[in-house]
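# Fold and contact review
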Amino acid sequence: MKYTIGLDYGSDSCRAVIIEAETGKEIASSVKYYKRWIQGKYCDPQKNQYRQHPLDYIEALEESVKEALSKSPTGTAEQVVGMSFDTTGSTPALIDKDGQVLALRPDFAENPNAMFVLWKDHTAIKEAAKINEVAKRWPIDYTAYEGGIYSSEWVWAKVAHVLKEDKAVAGEAYSWIEHCDWMPALITDTTKPSDIIRGRCAAGHKAMWLKEWDGLPTEDFLVEIAPELKGYRERLFHDTYTSEVKVGNLTEEWANRLGLTTNVAVGVGAFDCHMGAVGAEIEPKAFVRVIGTSTCDIMIAPYEDMHGKLIPGICGQVDGSVIPGMVGLEAGQSGFGDIYAWFKSVLAWPLENILKESALIDQETKQKLIDETLDKIIPTLSKEAEKIPVSESSILAIDWMNGRRTPDANQMVKGTITGLNLASSAPLIFKALVEATAFGSKAIVDRFLENGIEINSVIGIGGISLKSPLVMQTLADVLAMPIKVAKSEQACAFGAAMFASVAAGVHPDIKAAQKAMGQGFAHEYKPNMEKHEVYMQIYAKYQKLGKFTETELFS
């Protein structure tokens, strides 16, 4: 028997899943939360600064793999043949001449600028604006295959910002690396800048890499957007690789640390949503939604369908970023589950700041009461919101609490809620927020359709798709499309395990791996067309409010 391990690094935790490579049967899994991140270290939400320490990633890797192996039958470890990673992105870090992430050095161990800059860090808004300004007057528009708008969530803006902000870090930085490229490099001892295998997914969607213009943007362009980037291009990369390619094998050190063997092949890494789409058995004309704190939307298209097409306002179209031999298309929303979590936090303020200080009950009872209430807020709101007719509420919301990723990236915009009156209850407001996230999703679907990209099925993956009938039914009603929900709770990790099986030689290509290892679907939500008609009237108001919000309030 041969097994592969898929490792999925999300915003809050790492998930390790051990899969039987020939059949796709899940043997064991483990989830480990980042210890420093969960304490809020190195982050400043007021500044939109979100940084993660590389030690969180290393410790989560060791703990999750070991725990998953401990749950597996005796002898499983010796039969693991492959391992692959997916991560959030763009989540880059600066490295020194030896390939060491600066935060792993004692002199930078507590410096947030020396750490990984999480995907939702928006401290580089000015740098992104500069990239867009320069690109539009440059002989080559390097943002053309990035949807025409470069985002502050992406690598060049983030690196430029950190280098400008922190001279000590800039003085020691030699190059940069994406989280999804660093994990395979770390455990195969290929971290020296000249040895790092760079994934096509991250490079194409976030770093403006394109084979047709000889790789990355030119030195002149990079220096124009930020003088601090001088010399970086020659120290980076020319070629990129799709995720079925083998980076190397586990080193003896890492084999010992993980309880595995050096026979484990390690594949090229990619972003979570792209591997999640593979795990959800993506095919042409399928629109895959990875629904979590944010959303990432993925499609694939044959070369002939994309000939001469450049889709504006998305997160890029990249050859081989999802399935080798096809063009990968990415879009998404900067806030989705995060918006529900924000509203929960608002409602929970008295619990955590008043009840917590009460002297009427003992500390243990207080904490149990707080925890119980926090656990029930979203489920209870959802049940009440389901009872509200679509046309009853006048409340309308815009889902840009964390900026707008697509269509047409703009991290300066903010969310709005309007139509409130003295009868506006928590369930009514929550329902409006759910509808707003669905409307944001429709704006993305419409952008694809307007540009001749056919969609004949929608697939949902991620925790919200499996746990929230309210959100999924609302989404189906707004889109007027049925939505299938992938059976596996770990579709991203499953996708990574599929790629690991190809890198290890178990399957000849990723299509064969999908066919053998795919898990199918758990549910299907069918649209209510009567509700859809009402929602289209509300959606027209959403578009008007969005335009007003962007042009009049946050322009």
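Residues numbered from 1 in each chain as written. Predicted model: local features only at pLDDT ≥ 70, side-chain atom pairs only at ≥ 80, totals over all residues. Heavy atoms only, no water.

- If you look the protein chain up in an unreviewed UniProt entry, it shows as Ribulokinase from Dysgonomonas mossii DSM 22836.
- Per its UniProt entry, the protein chain bears the Sequence similarities (unreviewed entry) comment "Belongs to the ribulokinase family."
- On record in UniProt, under Pathway (unreviewed entry), the comment for the protein chain is "Carbohydrate degradation; L-arabinose degradation via L-ribulose; D-xylulose 5-phosphate from L-arabinose (bacterial route): step 2/3." (UniProt positions renumbered as here; feature names shortened; annotations may be inferred.)

### Some words on the overall build of the protein chain
- Within the protein chain, the secondary structure is distributed over 19 helices and 20 strands.
- Against the globule reference of 24 Å for 555 residues, the protein chain gives a C-alpha radius of gyration of 23 Å, in line with a compact fold.
- With respect to the principal axes defined by its C-alpha atoms, the protein chain has extents near 65 × 60 × 55 Å.
- The buried share among the 555 residues of the protein chain stands at 59%.
- Restricting the contact set of the protein chain to residue pairs at least 6 apart, pairs at least 24 apart contribute 73%.
- Here the protein chain carries 57 positive and 74 negative side-chain charges, and the mean point of each set is 2 Å from the other. (Helix = DSSP H or I, 4+ residues; strand = E, 2+ residues; numbered from the N terminus. Rg over C-alpha atoms; globule rule 2.2 N^0.38 Å. Buried < 20%, exposed > 50% of the residue type's maximum accessible area, 1.4 Å probe, protein only. Contact = heavy atoms within 4.5 Å. Lys, Arg positive; Asp, Glu negative; His and termini not counted. Charge placed at Lys NZ, Arg CZ, Asp CG, Glu CD.)

### Some remarks on the nonpolar core
- Core analysis: the biggest nonpolar cluster contains 63 residues, and Phe 287, Leu 329, Phe 430, Phe 439, Phe 448 and Ile 455 have the highest contact counts within it.
- Those residues in contact with Leu 329, other than ones at most four positions away along the chain, are Asp 297, Ile 298, Met 299, Met 306, Ile 311, Gly 316, Gln 317, Phe 448 and Ile 453.
- Among the nonpolar cores identified, the runner-up in size contains 42 residues, and Leu 94, Val 159, Val 162 and Trp 213 belong to it. (Core = buried A, V, L, I, M, F, W, Y, C linked by side-chain atoms within 4.5 Å.)

### Focus: the state of the cysteines
- Overall, the coordinates contain one disulfide when judged by the stated rule.
- Covalent S-S linkage joins Cys 273 and Cys 296, the inter-sulfur distance amounting to 2.5 Å. With a gap of 23 residues between them, Cys 273 in helix α10 (residues 272-279) and Cys 296 in strand β13 (residues 295-301) connect regions that are remote in the sequence. We note that Cys 273, like Cys 296, is buried.
- With no disulfide of its own, Cys 315 lies closest to Cys 296 among cysteine sulfurs, the gap being 6.6 Å. (Disulfide = S-S within 2.5 Å.)

### Here we look at the packing of aromatic side chains
- In the structure shown here, the tally under the stated rule is 23 aromatic pairs.
- Grouped by ring-pair contacts, the aromatic residues Tyr 9, Tyr 34, Tyr 57, Phe 85, Phe 116 and Trp 182 constitute a single cluster.
- If you follow Lys 120 out to its NZ or CZ, it ends over the ring of Tyr 50, 4.8 Å from the centre.
- A cation over an aromatic ring shows up here: Arg 235 above the ring of Tyr 174, its NZ or CZ 4.7 Å from the ring centre. (Phe/Tyr/Trp six-rings, centres within 6.5 Å; stacked < 30°, edge-to-face > 60°. Lys NZ or Arg CZ within 6 Å of the ring centre and 35° of its normal.)

### So, helix α13 (residues 363-386)
- An ideal rise of 1.5 Å per residue puts 34 Å on 24 residues; α13 measures up with 35 Å between its terminal C-alpha atoms.
- Its maximal kink placed at Ile 377, α13 deviates by approximately 40°, while the proline Pro 379 follows within four residues.
- Along α13, the positions that sit buried rather than exposed are Lys 366, Ile 370, Leu 374, Ile 377, Leu 381, Ser 382 and Ala 385.
- In this structure, the buried residues of α13 make contact with α12 (337-353), α14 (426-450) and α16 (469-479). (Expected span 1.5 Å × (residues − 1). Bend = angle between axes of the 7 residues up to and from the residue.)

### A few points about the UniProt feature "domain: Carbohydrate kinase FGGY C-terminal" (unreviewed entry) in the protein chain
- As recorded in UniProt, the sites labelled "domain: Carbohydrate kinase FGGY C-terminal" (unreviewed entry) are residues 290-504.
- The span residues 290-504 carries 46% helix and 16% strand; its end-to-end C-alpha distance comes to 26 Å.

### Thoughts on the UniProt feature "domain: Carbohydrate kinase FGGY N-terminal" (unreviewed entry) in the protein chain
- On the UniProt side, "domain: Carbohydrate kinase FGGY N-terminal" (unreviewed entry) is annotated at positions that read residues 3-279 here.
- Secondary structure content for residues 3-279 is 32% helix and 19% strand, and the end C-alpha separation is 16 Å.

### A closer look at the packing of helix α17 (residues 491-503) against helix α18 (residues 510-517)
- Their axes nearest at 9 Å, the elements α17 and α18 cross at an angle of 125°. The pairing of α17 with α18 is recorded here as oblique in orientation. Considering how the two elements wind past one another, α17 and α18 form a crossing that is right-handed. Here α17 contributes Phe 494, Ala 497, Met 498, Phe 499, Ser 501 and Val 502 to the contact with α18, which in turn contributes Ile 510, Ala 513, Gln 514 and Met 517.
- Here the residues of the contact of α17 with α18 sort into eight nonpolar, two polar and no charged. (Axes fitted to C-alpha atoms, helices over the stretch in contact; angles between N-to-C directions. Parallel < 35°, antiparallel > 145°, perpendicular 65-115°, else oblique. Left-handed = near helix turned anticlockwise from the far one by under 90°. Nonpolar A, V, L, I, M, F, W, Y, C, P; charged D, E, K, R; others polar.)

### A short note on the sheet that holds strand β14 (residues 317-319)
- Across the sheet, which stays open at both edges, the seven strands sit in the order β14-β15-β13-β12-β18-β19-β20 with mixed pairing between neighbours. Both outer strands of the open sheet, β14 and β20 (521-525), are each paired with one neighbouring strand and no more. Each adjacent strand pair in this sheet contributes to an overall mean axis angle of 25°, direction not counted.
- Pairing geometry for strand β19 (residues 483-486) and β20, over four bridges, is antiparallel. Following the sheet pairing, Val 485 is matched in β20 by His 523. (Pairing = 2+ DSSP bridges.)

### Description of the side chain of Thr 88
- Within the element layout of this structure, Thr 88 appears in the loop between β5 (80-87) and β6 (92-95).
- Within the local environment of Thr 88, its side chain forms a polar contact with the side chain of Thr 91, the two groups lying 2.9 Å apart.
- Apart from residues lying up to four places away in sequence, Thr 88 is in contact with Tyr 9, Gly 10, Ser 11, Leu 118, Trp 119, Phe 271 and Asp 272. (Polar contact = N/O pair within 3.5 Å; in protein donor to acceptor, adjacent residues only side chain to side chain.)

### A few points about the packing of α13 against α14
- Relative to each other, α13 and α14 sit at 85°, their axes nearing to 9 Å. The pairing of α13 with α14 is recorded here as roughly perpendicular in orientation. Of α14, the residues touching α13 (which contributes Ile 378, Leu 381, Ser 382, Glu 384 and Ala 385) are Ala 426, Pro 427, Phe 430 and Lys 431.
- Considering only residue class, the contact of α13 with α14 consists of six nonpolar, one polar and two charged.

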